[in-house]
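Architecture and fold: a report
Given next are the chains, with one letter for each unit.
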Amino acid sequence: MLEYILLALLITTVWFWIDTISKRELAIQLGKNLSQQFDLQFLDETVACEKITLKRNEKGQVAILRCYEFMVSSSTNDRIKCNLFLLGKNLHNWHIPPYINTAS
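Basis of the calculations
- Residues numbered from 1 in each chain as written.
- Predicted model: local features only at pLDDT ≥ 70, side-chain atom pairs only at ≥ 80, totals over all residues.
- Heavy atoms only, no water.
- Helix = DSSP H or I, 4+ residues; strand = E, 2+ residues; numbered from the N terminus.
- Buried < 20%, exposed > 50% of the residue type's maximum accessible area, 1.4 Å probe, protein only.
- Pairing = 2+ DSSP bridges.
- Axes fitted to C-alpha atoms, helices over the stretch in contact; angles between N-to-C directions.
- Contact = heavy atoms within 4.5 Å.
- Core = buried A, V, L, I, M, F, W, Y, C linked by side-chain atoms within 4.5 Å.

- Identification of the protein chain as DUF3301 domain-containing protein from Candidatus Methylopumilus rimovensis is taken from an unreviewed UniProt entry.

The following block contains the structure:
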């Protein structure tokens, strides 16, 4: 019986790892899209999962809510910390703080 519990735990861990990797790739793509919308430079290697919790989606089902932090730049010498929230595989919310657009 212990072997089955360990096997189930191992399978769950591997599934979670693979799911987390795919969600990070999705967060990178969504971060790039948000950056383009606001005329910001997306800094690729700065995407990191900050927090993982459980939350109900619009259908009332429990889903994993992941908060990702990433950096953007409005010029060549500044960094702006931004967040996006994935609920399951959907963009739930995002935050880009106010910044001065130096590109104009």
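Having seen it, we continue.
Considering the environment of glutamine 29
- By the secondary structure assignment, glutamine 29 is in helix H1 (residues 2–37).
- Glutamine 29 sits in the partly exposed class, given a relative accessible area of 40%.
- Sequence separation between glutamine 29 and aspartate 44 is 15 residues, and the spatial gap between their C-alpha atoms is 9.6 Å.

Considerations on the sheet that holds strand E4 (residues 90–95)
- The sheet built from 4 strands is open, its strands ordered E1-E2-E3-E4 with antiparallel pairing. Looking at strand neighbours, the two that pair on one side only are strand E1 (41–56) and E4, the edges of this open sheet. Strand-to-strand, the axes of this sheet are offset by a mean angle of 25°, without reference to chain direction.
- Alignment of strand E3 (residues 80–87) against E4, held across 5 bridges, turns out to be antiparallel. Looking at the pairing, leucine 87 lines up with asparagine 90 of E4.
- On the sheet, H1 packs against E1, strand E2 (62–73), E3 and E4 and is oriented at approximately 45° with respect to E2.

With respect to the nonpolar core
- Val47, Phe70, Val72 and Leu84 are the most contacted members of the largest nonpolar core, which has 15 residues in total.
- Breaking this core down by element, the ones donating at least two residues are H1, E1, E2 and E3.
- Not counting chain neighbours up to four residues away, the residues in contact with phenylalanine 70 comprise Gly31, Leu34, Ser35, Phe42, Thr46, Val47, Ile80, Lys81, Cys82, Asn83 and Leu84.

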